[in-house]
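An overview of the molecular structure
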Amino acid sequence: MMEGLAVQLRNPLLLYPKLKRAIPTGVGSGDFGIVVGALPSFSHSLKPFRAFTITRTRSAASPSQAQLLTEKEKEFDNLVSGDSIRQRFLRFYASRGHKVLPSSSLIPDDPTVLLTIAGMLQFKPIFLGKVPRQVPCATTAQRCIRTNDVENVGRTARHHTFFEMLGNFSFGDYFKKEAIVWAWELSTKEYGLPADRLWVSVYEDDDEAFELWSNEVGVPVERIKRLGEEDNFWTSGATGPCGPCSELYYDFHPERGYDDADLGDDSRFIEFYNLVFMQYNKKDDGSLEPLKQKNIDTGLGLERMARILQKVPNNYETDLIFPIIEKASKLANVSYGTADDQTKRNLKIVGDHMRAIVFLISDGVAPSNVGRGYVVRRLIRRVVRTGRLLGIKGDGMGDLEGAFLPNIAEKVVELSTHIDSDVRSRSHHIFEELKREELRFVQTLERGEKLLEEKLANALSSAEKNGTAPCLSGEDVFLLYDTFGFPVEITKEVAEERGVSLDINSFNTEMEKQRRQSQAAHNTVKLAMGNGANIAEDVPDTEFIGYDNLYAKAIVQSLAVNGDPAAQVSEGSNVEILLNKTPFYAESGGQIGDHGLIYIEEGENQLKAVVEITDVQKSLGNIFVHKGTVRKGVIEVGKEVEASVDVKLRQRAKDHHTATHLLQAALKKVIGQETSQAGSLVAFERLRFDFNFHRPLLDSELGEIERLINEWIEAGILLQTKVMPLADAKRAGAIAMFGEKYGEEVRVVEVPGVSMELCGGTHVSNTSEIRGFKIISEQGIASGIRRIEAVAGGAFIEYVSARDIHLKQLCSTLKVKPEEVMTRIESLLEELRAVRNENSALRAKAAVYKASVIASKTLLVGKSEQYRVLVECLDDADPESLKSAAEYLMETLPDPAAIVLGSCPGEGKVSLVAAFTPGIVDLGIQAGKFIGQIAKLCGGGGGGRPNFAQAGGRKPENLASALEKAQAELIATLSEKGN
């Protein structure tokens, strides 16, 4: 016999769509339920589900029934997991006619934003009317990144750098009523949120939304708040689409009542669903005009809904993030449950940032000092320094020289399956990138510690001299924080141990400057209505026929000069031409646009009008813009023209594009399958391929890559091109091109047995067309990113021919055979080195001779004239000669002696050296520090040992005054010491 909790369901099959039948529990006639034994976590998760009531049951359960109930308990637990919340949202809207679309990359197509910061971003061209809708309505689970509030991560219950935004979108299909009703149904029926815990906000003037919530849905007016423009009116910028919005809030403390309820009170409310009613266009004068097509843009925060349904105190303790926190806790040997607030905050930072880092790197962002690369580098450094605060040493598993980020990233990859299935296949690259970046930063962090010690010493010295309290400036604290990734907490702790305070106000000012820059760069989606929208209404997509044809007759759909529409354009003008169909390839996928002619014939072999096309770009979706110059006659809208692609240049593009595919395949064979594309350029004269790799390629590796590619070219492999569903292409193993956005149907280019890639570019029919391939250069362009430049086809022939000409000229000049060139060059270099060494020796001897002459100019300083000071200029002596002269004087002048020499070895160059004998150094006067200050007067710097140091500068005109100052300071200091 067992006595437990029974949960009565009014409609068990609604909440259990997978159940074939309900489970009788014996609660009473016609009752159904699920027995829950002593499972506090399970009963805990039931509280939000309003469709349930909790009652007592005294029914017996057989062992077989108990086993069945345990299985169903597990199934119910899955209903409130983060993954299930995501799937239920998508299914809910799919059942209401929405097309489920995949999340777009964190690297957006939109050049106005650095990273994908909102679910609507991929639909921006549709909202603007620049691209026709493909479906009337859609739903997505979009990965997003925002770093403008990074300091709040871990401090609040809801701030994140990485989050998922679940959204439903209407493109002129349904509008306000359906959006509101469905949002309520999703919240209360699908997710089971208690209706009496939900509050709503509307724009203060949006009476329609207020009435819908009140009368249609039935929300009490006491729980509907009218808010102002700042809170509830969405705008994309100074002009463009805009409209009121409405938000749903969950109330954690309904017992506080309605009076003075503030929806901004994070301790009581959390906003979880935002509905934007995009119904106006804001004009230049600020007035609003109704949009022809009214749209819906919504966003439901997955992490926020998971927090509500899983009944945890913050987003971090949901199953979306907490497993990562647990992994970090294990490496740090701490318990999250018993940790203090600061330790918990640090663990939350690690849990949040690691998600952002892994997905950014997976989407192709490599750590660097600019743009997106700086975002991911800063997050990595923040996790590394936070890990040190937590006490993680090395890799956290015993290797003190190892890296811990890859160990935590393993958990992120494990959790990524339902977010982005590609992350797992890229995991090796992600782990390697994290390891390299962490180990490199640890060295930077150690330099930061040394810099902090130096800054503290300066603060103490300055305070002692001025009679003030020692204080570290805000600029120095910010430098340590931003450049060296040094935590303010550690800076403060170390400073206080030394009796030094921090200028926190000044530091906060510097932080605010950076925050404003970050917000401007990362948190604005710019939409603007312009001529593009009108063109989109009037001009259909361009039909591209250029895969099979390089010539076509077409109709001029539109003309523009300097961005302004034109009916006709005359000779000498630059023009942009839209055709109804075209053989010209428009720049995309790294391949540049075709060149050629658009012309009108007049009689046999006579041209009435000619436009030379030098670029073709895609605009407003799939409209091809042909850019060129009218070389003859007049081009007019509505006229039939002939479009002809430059055959030779197209062939060069085809050669280079197919060679790029072969290059990627060869790289994977030679340096490893984990390497992936990070960018490319397919031009007429060369190809460029960027890829992820942590070191320069060896000459032997480059040779093997060239050998493989030329072997495939010689084999004459016939290419295969197919159009298929994206899912089928991925299953077949096709590689996606970096930065490209794909539809449901994709074009797959395969070199059988060599490579298979998703690609819309133009390619050769047979690899033998390429004729040859040669790597021109291989270099690093960013941390972890290498670049290969190469030539193929006609460009390869030209390159080899040019090199052959150069070699013949070299042979003629050196009077040797080609195979003897290197031997002859090595011989010449050896002769040159010998002459240079001889010249240096002579210059050094000359400098020593000059030193012996100027030794007589030594000044005697001090009360007993015991100190010798010699400061002189040795004209144009080079640094080595100056050094020899100083060493000679140190050996010949009696101790104690201070020697400073200067020279101007070339235009715009200054050379300085300071040599102090032991008797001078014992007085606390150091050559390195002394000469560094003198060098600054000559626009330079330098330093060295206490007894010998060299420096340089860029202002020879200041050398005389600098030497005078050096002599004056030495005399003054030694006179004081001598007394």
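Residues numbered from 1 in each chain as written. Predicted model: local features only at pLDDT ≥ 70, side-chain atom pairs only at ≥ 80, totals over all residues. Heavy atoms only, no water.

Counting secondary structure elements, the chain contains 28 helices and 38 strands. Within the span of the chain, comprising 979 residues, buried residues form 50% of the whole. A separation threshold of at least 6 residues defines the contact pool for the chain, and within that pool the share at least 24 residues apart is 68%. Here the chain displays about 45500 Å² of accessible surface, and carbon together with sulfur accounts for 49% of that area. (Helix = DSSP H or I, 4+ residues; strand = E, 2+ residues; numbered from the N terminus. Buried < 20%, exposed > 50% of the residue type's maximum accessible area, 1.4 Å probe, protein only. Contact = heavy atoms within 4.5 Å. Areas by Shrake-Rupley, 256 points an atom, 1.4 Å probe, with all protein chains shown as cover.)

For the rest of this paragraph, the subject is the UniProt feature "binding site: Zn(2+)" (unreviewed entry) in the chain. Following the UniProt record, the feature "binding site: Zn(2+)" (unreviewed entry) maps to H657, H661, C759 and H763 here. A maximum C-alpha distance of 9.8 Å places the annotated residues, which cover 107 residues in sequence, within one compact spot. Structurally, H661 can be placed in helix α20 (residues 647-671). Here H661 falls in the buried class, since its relative accessible area comes to 1%. Considering the arrangement of structural elements, one finds H763 in the loop between β30 (755-758) and β31 (773-782). Accessibility expressed as a relative area gives 11% for H763, which makes it buried. In contact with H763, other than residues within four places in its own chain, are K654, H657, T658, H661, L719 and V749. A distance of 2.9 Å separates a polar atom in the side chain of H763 from a polar atom in the side chain of T658. (UniProt positions renumbered as here; feature names shortened; annotations may be inferred. Polar contact = N/O pair within 3.5 Å; in protein donor to acceptor, adjacent residues only side chain to side chain.)

Further remarks concern the pattern of salt bridges. In the structure shown here, the tally under the stated rule is 41 salt bridges. Across the pair D420 and R143 runs a salt bridge, and its minimum N-O distance is 3.8 Å. Here D420 is found in the loop between α13 (405-415) and α14 (422-425), whereas its partner R143 is found in strand β5 (residues 137-145), with 277 residues between them in sequence. You'll find D420 and R143 in the same group, each marked buried. The shortest N-O distance in the salt bridge between E789 and R686 comes to 3.2 Å. (Salt bridge = Lys/Arg side-chain N within 4 Å of Asp/Glu carboxyl O.)

Taken in spatial order, the 4 strands make up an open sheet running β26-β27-β32-β31, and their pairing is antiparallel. Bordering the open sheet on either side are β26 (677-682) and β31, each of which pairs with just one other strand. This sheet shows a mean twist of 15° between the axes of neighbouring strands, independent of strand direction. Judged from the 5 bridges that link them, β26 and strand β27 (residues 687-692) form a sheet pairing that is antiparallel. (Pairing = 2+ DSSP bridges. Axes fitted to C-alpha atoms, helices over the stretch in contact; angles between N-to-C directions.)

Now for the side chain of D206. Among the secondary structure elements, D206 is positioned in the loop between β7 (198-203) and α7 (207-217). Looking at D206, its side chain comes within polar contact range of the main-chain nitrogen of A209, at 3.2 Å. For D206, the residues in contact, after removing those within four places along its chain, are K176, R226, P244 and F277.

The next thing to look at is unusual backbone geometry. Following D895, the chain continues to P896 via a peptide bond in cis, the omega torsion being 5°. Looking at where P896 falls in the secondary structure, it is placed in the loop between α25 (879-892) and β35 (897-903). Residues other than glycine seldom take positive phi values, yet K815 does so here, at roughly 60°. Along the chain, K815 falls in the loop between α23 (793-814) and α24 (821-854). Residue K815 is classed as exposed on the basis of its relative accessible area of 71%.

Attention now goes to the confidence of the model for the chain. Predicted coordinates in areas of low pLDDT are best not read in detail. Scored by pLDDT, the chain comes out at a mean of 85, with 87% of its residues at no less than 70. Note on residues 1-77: pLDDT under 50 across the span, and 112 contacts to partners over four residues away in sequence or across chains. Residue range residues 518-537 is modelled with pLDDT below 50. Its contacts to residues more than four positions away, or to other chains, number 53 contacts. (pLDDT = per-residue confidence, 0-100.)

Between helix α11 (residues 341-362) and helix α12 (residues 371-390), whose axes approach to 9 Å, the crossing angle comes to 150°. One element, α11, and the other, α12, form an angle in the roughly antiparallel class. When the axes of α11 and α12 are compared, the crossing they make is left-handed. Along its contact with α11, which presents T343, R345, N346, L347, I349, V350, H353, M354, A356, I357, L360 and I361, the element α12 presents V375, V376, L379, I380, R382, V383, T386, L389 and L390. (Parallel < 35°, antiparallel > 145°, perpendicular 65-115°, else oblique. Left-handed = near helix turned anticlockwise from the far one by under 90°.)

To continue, consider the packing of aromatic side chains. Counted by the stated rule, this structure contains 22 aromatic pairs. Judged by centre distance (6.3 Å) and plane angle (70°), the ring pair of W184 and W213 falls under edge-to-face. With W184 in helix α6 (residues 176-190) and W213 in helix α7, the pair connects residues that are 29 residues apart, well separated along the chain. Residue classification places W213 among the buried residues on the basis of a relative accessible area of 0%. With 5.2 Å between their ring centres and 75° between their planes, Y250 and F252 make a pair best called edge-to-face. (Phe/Tyr/Trp six-rings, centres within 6.5 Å; stacked < 30°, edge-to-face > 60°.)

Further remarks concern the packing of α13 against helix α15 (residues 427-466). Look at α13 against α15: their axes get within 9 Å of each other, and the N-to-C directions meet at 150°. The angle between α13 and α15 falls in the class roughly antiparallel. Where α13 crosses over α15, the handedness of that crossing is right-handed. From α13, L405, P406, A409, E410 and V413 reach across to α15, where they touch S427, F431, L434, K435 and E438. The residue makeup of the contact of α13 with α15, split by class, is 6 nonpolar, 1 polar and 3 charged. (Nonpolar A, V, L, I, M, F, W, Y, C, P; charged D, E, K, R; others polar.)

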